[in-house]
Number of protein chains: 2
Amino acid sequence: MADLEQQPTPGPLDADGFRRAGHALVDWIADYRATIAARPVAQLPEPGAVRAMLPPRAPERGEPIDAILADLDRVVMPGIVHWQHPGWFAYFPANSSFESILGELASAGLGVQGMLWSTSPACTEVETHVLDWLVHALGLPERFLSTSAGGGVLQDTASSAALVALVAARERATGFASDARGLAAAGAPLVAYTSDQAHSSIEKAVRLAGLGKEHLRLVEVDATGALRADALRAAVERDLAAGLRPAFVSATIGTTGVNAIDPVDEIAAICREFGLWLHVDAAMSGTAALCEELRFVNAGAEHADSWCFNPHKWMPVNFDCDVLWVADRAALVRALSVLPEYLRNAATESGRVIDYRDWQVPLGRRFRALKLWFTLRSFGLEGLRALVRSHVAMAHGLAERVRACPRLSLVVEPRLNLVALAHVDGDEATQRLIDAVNADGRFFVSHCRFHGRLVLRVSVGALATRDADVRAVGDAIVAEAMR
Amino acid sequence: MADLEQQPTPGPLDADGFRRAGHALVDWIADYRATIAARPVAQLPEPGAVRAMLPPRAPERGEPIDAILADLDRVVMPGIVHWQHPGWFAYFPANSSFESILGELASAGLGVQGMLWSTSPACTEVETHVLDWLVHALGLPERFLSTSAGGGVLQDTASSAALVALVAARERATGFASDARGLAAAGAPLVAYTSDQAHSSIEKAVRLAGLGKEHLRLVEVDATGALRADALRAAVERDLAAGLRPAFVSATIGTTGVNAIDPVDEIAAICREFGLWLHVDAAMSGTAALCEELRFVNAGAEHADSWCFNPHKWMPVNFDCDVLWVADRAALVRALSVLPEYLRNAATESGRVIDYRDWQVPLGRRFRALKLWFTLRSFGLEGLRALVRSHVAMAHGLAERVRACPRLSLVVEPRLNLVALAHVDGDEATQRLIDAVNADGRFFVSHCRFHGRLVLRVSVGALATRDADVRAVGDAIVAEAMR
């Protein structure tokens, strides 16, 4: 087997080649970020245009890494929408700080898989520890600490967090009968509740978990977009009277559309009264709680069974990084745990460690905590607070200009970093406004509908966004509105 | 708002700092890989020892990046189990080629989120294209091509792939009644089938999707560990007679325990007869199909409704990277699609593009295809085949030595890269063998139970593993067995 010894180590790219290519790629990223403002934010190619640049079959022979990296410019860049652009005001910020890029790189370089504590203790312990840090940093309740009966875990997204929270709720509601016998043999249908402004991931979770779309109540909202607690109570009572089983409520802190904040305190009272699991989706806006003066986003958190927010949104950690906290980890773990013989190990059996595979859908997991740890440390809490405050101030500055413009109206009063506005002439005029702003190339905004009305959303939160960028998009909006 | 302009750009680490730290981290990774063989593969600290090195609260002030990176050695490394070690023979290989590290770095650097085609067309198109490449490279059926009615999508893990396949199967079985009304109101319980050697993720998917553990049949296996088709047929007929609804079968190509291969052809015939969804989990062993002479792993693939394998196992792409192909993408997409107003866009409505959010649990997704694309191109198919062949040859070499040792027995005949062996004196002796090999520090093996017997597994597939390493673990095993 002498020829086996000639297999290049490790793979076609050797360590020196990796150093060289790695340095070049780091520089390419720095150059990309430095020149990003000069690119149109979101210029779409024709469908299929990217594929058309690729050969029909994978190469038989290895290609030089330089040719591969060069294709980032030739093939990839024409099909990139620049989420890191200072003019990114669409959807939500998906920041990728330099620190978090380094964390992702370190994770890939270590190449460990943290399904069990014992398959890389640092992967589990850094995660647990940093999520405890965040409980303190955000002023969240102590019952989310790993030193209590609860604890935190990183998920890829708030969608997955909602799914596992719902499954835990489902099992608590049926006393684990649905886990054993399935929903078809575990009694009357379970019902989930959220507002009609909630994120689509709640509907997706309800369908994935087998509850059925018809058993999700999209409760009406008030003028600000917040769930109406009276309507929730009425819906729960109606379902109980109909012989259904209310089980789960997802409240939203910062809805996707207009960033509305549900009254978690009032919702929690209903949940306690009827024994419902209370999940809170604070995906974008949860980060605001870094700042004392914005801690209204935490109201009612002490009553939540589960709470999630996305550092990959407004805390500048690169996608994917969602934090899910639960108040009672036993319920979650029991619903998700499978222990085959091949994963048995002394540490697990000692009961002294956390095995995060039992807190998520996948078995495997990478060392995702590194990027969060790096970002928290490099920015420091002060640095992160300054960032949040700057975005809120910029959004409020834009709102002031909207208020001052007779052709525009604020759809809701912004409390954080999202400005939701419309043209006073109605949807067609608002659509023209959206199209004109996006045609400019310097900005990208997205839309929603709110109480039937088309809305132009300006979500301020990209790491690169400066006050000048927000003023510029304000100029463009006002100029177009006044035409 | 002059002070806002002073906010450092972007974040505390500026572009020059990122260049410097990035170069240093790339070199650190190269150094780690170069010295990895000198470290004990899996030396576990005391539970809590990693956390104990961290301060109780996140820092208020930002820390210098050098101090943060230095903690990779001080804090992280003592809690790392070295999955990239040449003596890694446990569980499965979770390779992280230099090429795939670069792909992950590029993905983090671009920082795009590919939930929709329109949110970065390259993210979707490179993925679709490379997964079509793999259909050809692996000799899989054309119905998995995106140009047919099917197509491929990247998932984080085979667990998530199994879950979404099961949900699509569930909805096909109930004609989407469970999607609408939920399982509690959609008729008799659905039943899923897999072998008693299948991966735990199948049970997890069955429970998450609301079918209930009691409606998963763990069908018995033959002496090689392969699912017995006659037992499957009997189970299906029994369930039908009991008024239940058989819906889903997951066949395994390369079981976790002893790498057994289910008879997919025979299973497919039963699936066709009874209208069951056939999913195939080829997580580790699917990669073998790169080599013509190992294409027995594809037998029956042309009948599968869904098929998954993990490039993050034996094809050296860093975790996480699972490929799921479906024969009929419409079934999957219908089961997973939610289209809120705020995600509507012209490209989606044209019907000319793929929106991968409808193919997975999460909404968001990063540009995961880059690392697969980079690895395929840098190795070339020839390079990947050479790697697979070297691992198979090394495993067969080890098996030969086990056969020759009177104190050892092969539990099954290895067909690929996994050697499953036991001490002839029984479980206690096998446990001593496992403990002794792992105590050495140069190797890490794991275990399973097969037909009641404790088994020492030697999974050969780490990128760094050379024939000398396999000979060394063979020496250690034989020496201990003969003591």
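None of these values were measured; they are calculated from a predicted model.

## Let's talk about the overall build of chain A
- When you go through chain A residue by residue, the secondary structure sums to 14 helices and 12 strands.
- Relative to the 2.2 N^0.38 estimate, which gives 23 Å for 483 residues, the radius of gyration of chain A is 24 Å and therefore close to what a compact globule would have.
- In terms of overall dimensions, chain A has C-alpha extents of about 75 × 70 × 45 Å along its principal axes.
- Scored against the burial criterion, the 483 residues of chain A give a buried share of 64%.
- Considering only residue pairs separated by 6 or more positions, chain A has 73% of its internal contacts joining residues 24 or more positions apart.

## Some remarks on the relation of the copies chain B and chain A
- Aligned on chain A, chain B shows an RMSD of 0.0 Å; the corresponding rotation is 180° and the shift along the axis is 0.0 Å. In short, the pair behaves as if placed about a two-fold rotation axis.
- The fraction of interface residues of chain B whose copies in chain A are also interface residues reaches 100%, indicating that both copies meet through the same surface.

## A closer look at the sheet that holds strand β4 (residues 216-219) of chain A
Residues and elements named next belong to chain A.
- Taken in spatial order, the seven strands make up an open sheet running β2-β8-β7-β6-β5-β3-β4, and their pairing is mixed. Two strands bound the open sheet, and with one partner strand each, they are β2 (151-155) and β4. Strand-to-strand, the axes of this sheet are offset by a mean angle of 20°, without reference to chain direction.
- Taken together, the five bridges between strand β5 (residues 245-252) and strand β6 (residues 277-281) define a ladder with parallel strand orientation. Across the sheet, F248 pairs through a bridge with W277, a residue of β6.

## A few points about helix α5 (residues 158-174) of chain A
Residues and elements named next belong to chain A.
- Between the first and last C-alpha of α5 there are 24 Å, a value that for 17 residues agrees with the 24 Å anticipated at 1.5 Å per step.
- Here α5 lies mainly inside the structure; 17 of its 17 residues are buried.
- Remark: G175 follows α5 within two positions and exhibits a positive phi of approximately 60°.

## A short note on the nonpolar core
- One finds L166 and I267 of chain A together with L166 and I267 of chain B to be the most contacted residues of the largest nonpolar core, which totals 362 residues.
- Those residues in contact with I267 of chain A that sit more than four places away from it in its chain are L227, A229, L232, V249, A251, D262 and L278 of chain A.
- Counting residues in hydrophobic clusters, the runner-up holds six residues, among them L183, A184 and A186 of chain A together with A184 of chain B.

## Here's the deal with the environment of E104 of chain A
- You can see E104 of chain A is positioned in helix α3 (residues 98-110).
- Spatially, the C-alpha atoms of E104 of chain A and V317 of chain A are 9.6 Å apart, while their sequence positions differ by 213 residues.
- Not counting residues within four places of it along the chain, the set of residues in contact with E104 of chain A comprises N318 and K371 of chain A together with E104 and A108 of chain B.

## Here's the deal with the environment of G275 of chain A
- By the secondary structure assignment, G275 of chain A is in the loop between α9 (264-274) and β6.
- When the C-alpha positions of G275 of chain A and L324 of chain A are compared, they lie 21 Å apart, and in sequence the two are 49 residues distant.

## Describing the sheet that holds strand β11 (residues 444-450) of chain A
Residue and element names in this part refer to chain A.
- Spatial ordering of the open sheet is given by β1-β11-β12-β10-β9, a layout of five strands whose pairing is mixed. Whereas interior strands pair on both sides, the edge strands pair on one side only; in this sheet they are β1 (88-89) and β9 (408-410).
- Packed onto the sheet, helix α12 (residues 369-404) meets β9, β10 (418-423) and β12 (453-459) and runs at close to 15° relative to β10.

## Regarding the confidence of the model for chain A
Residues and elements named next belong to chain A.
- Confidence in the prediction for chain A averages 95 pLDDT; 98% of positions are at 70 or higher.
- In the predicted structure, residues 1-10 sits below a pLDDT of 50 and forms 20 contacts with residues beyond four places in sequence or in another chain.
- If you check the scores for this complex, the pTM reads 0.96 and the ipTM reads 0.96.

## Describing the packing of helix α6 (residues 158-174) of chain B against helix α11 (residues 329-336) of chain B
Residues and elements named next belong to chain B.
- It is the contact of α6 with α11, at a shortest axis distance of 9 Å, that shows an interaxial angle of 95°. It follows from the interaxial angle that α6 and α11 lie roughly perpendicular. Here V164, V167, A168, E171 and R172 of α6 lie close against α11, whose contacting residues are A331, L332, A335 and L336.

## A look at the packing of α5 of chain A against helix α7 (residues 200-208) of chain A
Residues and elements named next belong to chain A.
- One way to put it is that α5 packs onto α7 with a least axis distance of 9 Å and a crossing angle of 45°. Looking at the two axes, α5 sits oblique to α7. Regarding α5 and α7, the two cross each other, and that crossing is right-handed. Taking contact as the criterion, the partners of A158, S159, A162, L163 and L166 in α5 are, on α7, S201, I202, K204, A205, V206 and L208.
- Considered class by class, the residues forming the contact of α5 with α7 number eight nonpolar, two polar and one charged.

## Details of α7 of chain A
All names here are of chain A.
- Most of α7 is tucked away: seven of the nine residues are buried.
- What α7 keeps buried is the set S201, I202, K204, A205, V206, R207 and L208.
- Backbone geometry just downstream of α7 places G210 in the positive-phi region, at approximately 90°.

## Some thoughts on the pairing of strand β7 (residues 306-309) of chain B
Residues and elements named next belong to chain B.
- Neither face of β7 is open: one carries S306 and C308, the other W307 and F309, and all of them are buried.
- Here strand β6 (residues 277-281) pairs with β7 via three bridges, running parallel. Within the sheet, the bridge partner assigned to H279 lies in β7 and is S306.
- Looking at chain direction, β7 and strand β8 (residues 322-326) are connected through four bridges and run antiparallel. Looking at the pairing, S306 lines up with V326 of β8.

## Thoughts on unusual backbone geometry
Residues and elements named next belong to chain A.
- Between F319 and the following residue, D320, the backbone shows a cis peptide bond with an omega angle of 5°.
- Checked against the element boundaries, D320 lands in the loop between β7 (306-309) and β8 (322-326).
- Notably, H451 is not glycine yet its phi reads approximately 45°, a positive angle.
- Among the structural elements, H451 can be located in the loop between β11 and β12.

## Brief notes about the pairing of strand β2 (residues 151-155) of chain B
Residue and element names in this part refer to chain B.
- For β2, a buried count of five out of five residues is recorded, marking the element as mostly surrounded by other parts of the structure.
- Burial along β2 is two-sided: G151, V153 and Q155 and G152 and L154, pointing in opposite directions, are all buried.
- Here five bridges tie β2 to β8, and the two strands are oriented antiparallel to one another. Bridge pairing in β8 links G152 to W325.

## Some remarks on the environment of D281 of chain A
Residues and elements named next belong to chain A.
- Positionally, D281 belongs in strand β6.
- We classify D281 as buried; it has 31 C-beta atoms within 10 Å.
- Between the C-alpha atom of D281 and that of A198, which follows or precedes it by 83 residues, the distance is 8.7 Å.
- Beyond its immediate chain neighbours, meaning those up to four positions away, D281 contacts A158, A162, H199, S250, T252 and C308.

What counts as what
Residues numbered from 1 in each chain as written. Chains lettered and ligands numbered in written order. Predicted model: local features only at pLDDT ≥ 70, side-chain atom pairs only at ≥ 80, totals over all residues. Helix = DSSP H or I, 4+ residues; strand = E, 2+ residues; numbered from the N terminus. Rg over C-alpha atoms; globule rule 2.2 N^0.38 Å. Buried ≥ 20, exposed ≤ 12 C-beta atoms within 10 Å, placed from the backbone. Contact = placed C-beta atoms within 7 Å. Least-squares fit on C-alpha atoms with pLDDT ≥ 70 in both. Pairing = 2+ DSSP bridges. Axes fitted to C-alpha atoms, helices over the stretch in contact; angles between N-to-C directions. Expected span 1.5 Å × (residues − 1). Core = buried A, V, L, I, M, F, W, Y, C linked by C-beta atoms within 7 Å. pLDDT = per-residue confidence, 0-100. Parallel < 35°, antiparallel > 145°, perpendicular 65-115°, else oblique. Left-handed = near helix turned anticlockwise from the far one by under 90°. Nonpolar A, V, L, I, M, F, W, Y, C, P; charged D, E, K, R; others polar.

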